[in-house]
Amino acid sequence: KYINNIKDNIDELQQKNDTLSKDLAYQKRIVQKKKSESAVLSKKQRSLKKKKGQIKINRQTYSAEIKKKEASEKRLVKLMTEYSRKRKAPSAVLAPVGTPFAQLRGKLMWPVKGSIISHFGINYNKELKTRKRNRGIDIKAVLGANIYSVWHGRVFTAQWLPGFGRILIIEHDGGYLTTYAHLSDILVDLEEVVYPGKVIARVGDSESFEGPKLYFQIWKDVFLDPEKWLGRKRISVMVKQDYIGTL
């Protein structure tokens, strides 16, 4: 009987030992799981902190770019205002070819193949939480892609401006001007006559915060919304015509 009691006690102790071993293994798994979750959380926190730091840097850079672009845009406004003033003289009038520019609202060919990433007017960047006023549109395009003249005209000026990089301005009949910026190459000369569909430049990323793109403007005493002037077709084939006009 004594021996049987000892055996029973041994069995009971073995069962308790097995139970404790299982509990210990379970606790180890819980601890390991918590460690893994903690490691993942720490990694996410480090990533979030890094992202916040990058956003802060990007916001500062973006704000600096906006200020630089606004300063250059004032120079553009001055240049275009002076052009409009001088144009009132009878000797400074460009005669239209075919349809006058003023009647091409919603019919102009697109200056480049791409998609609009910034619209005319106030644009809000959700990630950087910044606002900027666009006096034109930004069209995302492939680096080196052809840029076309949207209508008959003559090259008014080509220069470099901070925030815009290489720019090209073409004058059209009726006192309209079109501006093309962030160019990699300019393929026309000053005062050269151009026609719709003529390749005038190539897409670049000079002074661009968003990679290769074309910044496109239309001016007639004030900046106009290009989206209201461009046709539905992104690129269309146009027939060259002689430009008749005086300057």
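Residues numbered from 1 in each chain as written. Predicted model: local features only at pLDDT ≥ 70, side-chain atom pairs only at ≥ 80, totals over all residues. Heavy atoms only, no water.

**With respect to the pairing of strand β10 (residues 199-203)**
The two faces of a sheet get side chains in turn, since along a regular strand they alternate between them.
So, point 1. Relative to β10, strand β5 (residues 146-148) runs antiparallel, the two being bridged by three bridges. By the bridge assignment, Ile147 is partnered in β10 with Ala201.
So, point 2. Bridge count for strand β8 (residues 177-186) against β10 is three bridges, and the pairing is antiparallel. Of the residues in β10, the one forming a bridge with Leu183 is Val203. (Pairing = 2+ DSSP bridges. Helix = DSSP H or I, 4+ residues; strand = E, 2+ residues; numbered from the N terminus.)

**Some details on the confidence of the model for the protein chain**
So, point 1. On average, the protein chain scores 80 in pLDDT, and the residues at 70 or more come to 76%.
So, point 2. Confidence drops under a pLDDT of 50 for residues 236-247, and excluding neighbours within four residues, the segment shows 29 contacts in the predicted structure. (pLDDT = per-residue confidence, 0-100. Contact = heavy atoms within 4.5 Å.)

**Notes on the pairing of strand β11 (residues 213-220)**
So, point 1. Most of β11 sits out of view: seven of its eight residues are buried.
So, point 2. One ladder, built from four bridges, connects strand β4 (residues 137-140) with β11; its direction is antiparallel. Across the sheet, Lys140 pairs through a bridge with Lys213, a residue of β11.
So, point 3. Alignment of β8 against β11, held across five bridges, turns out to be antiparallel. Looking at the pairing, Thr179 lines up with Gln217 of β11.
So, point 4. The pairing of β11 with strand β12 (residues 222-224) spans three bridges and is classified as antiparallel. Across the sheet, Ile218 pairs through a bridge with Leu224, a residue of β12. (Buried < 20%, exposed > 50% of the residue type's maximum accessible area, 1.4 Å probe, protein only.)

**Considerations on the environment of Ser84**
So, point 1. Along the chain, Ser84 falls in helix α1 (residues 2-87).
So, point 2. Accessibility expressed as a relative area gives 11% for Ser84, which makes it buried.
So, point 3. The residues touching Ser84, leaving out its near neighbours within four places in the chain, are Trp219 and Asp221.

**Re the nonpolar core**
Soluble globular proteins tend to pack their nonpolar side chains together in the buried interior.
So, point 1. Ranked by internal contacts, the top residues of the largest apolar core, which has 31 residues, are Leu108, Ile147, Tyr180 and Ile200.
So, point 2. Put simply, the parts of the chain that give this core at least two residues each are β4, β5, β7 (165-171), β8, β10 and β11. (Core = buried A, V, L, I, M, F, W, Y, C linked by side-chain atoms within 4.5 Å.)

**Digging into the packing of aromatic side chains**
The description of an aromatic ring pair rests on the distance of the ring centres and on the angle between the ring planes.
So, point 1. For the structure on display, the rule yields six aromatic pairs.
So, point 2. With a centroid separation of 5.3 Å and an interplanar angle of 55°, the aromatic rings of Tyr180 and Phe216 are classed as tilted. Of this pair, Tyr180 sits in strand β8 while Phe216 is found in strand β11, placing the two residues 36 residues apart along the sequence. The two residues Tyr180 and Phe216 agree in class, both being buried.
So, point 3. Among the aromatic side chains, those forming a connected cluster through ring pairs are Phe101, Tyr176 and Trp229.
So, point 4. The ring of Tyr176 has Lys220 lying over it, and the distance from NZ or CZ to the ring centre is 5.6 Å. (Phe/Tyr/Trp six-rings, centres within 6.5 Å; stacked < 30°, edge-to-face > 60°. Lys NZ or Arg CZ within 6 Å of the ring centre and 35° of its normal.)

**Here we look at the side chain of Glu73**
So, point 1. Counting through the fold element by element, Glu73 comes out in helix α1.
So, point 2. Residue class for Glu73 comes out buried when judged on its relative accessible area of 4%.
So, point 3. Polar contacts involving the side chain of Glu73 include one to the side chain of Tyr215, which spans 3.1 Å.
So, point 4. Each residue touching Glu73, except ones within four places of it in the same chain, is listed here: Arg135, Phe164, Tyr215 and Gln217. (Polar contact = N/O pair within 3.5 Å; in protein donor to acceptor, adjacent residues only side chain to side chain.)

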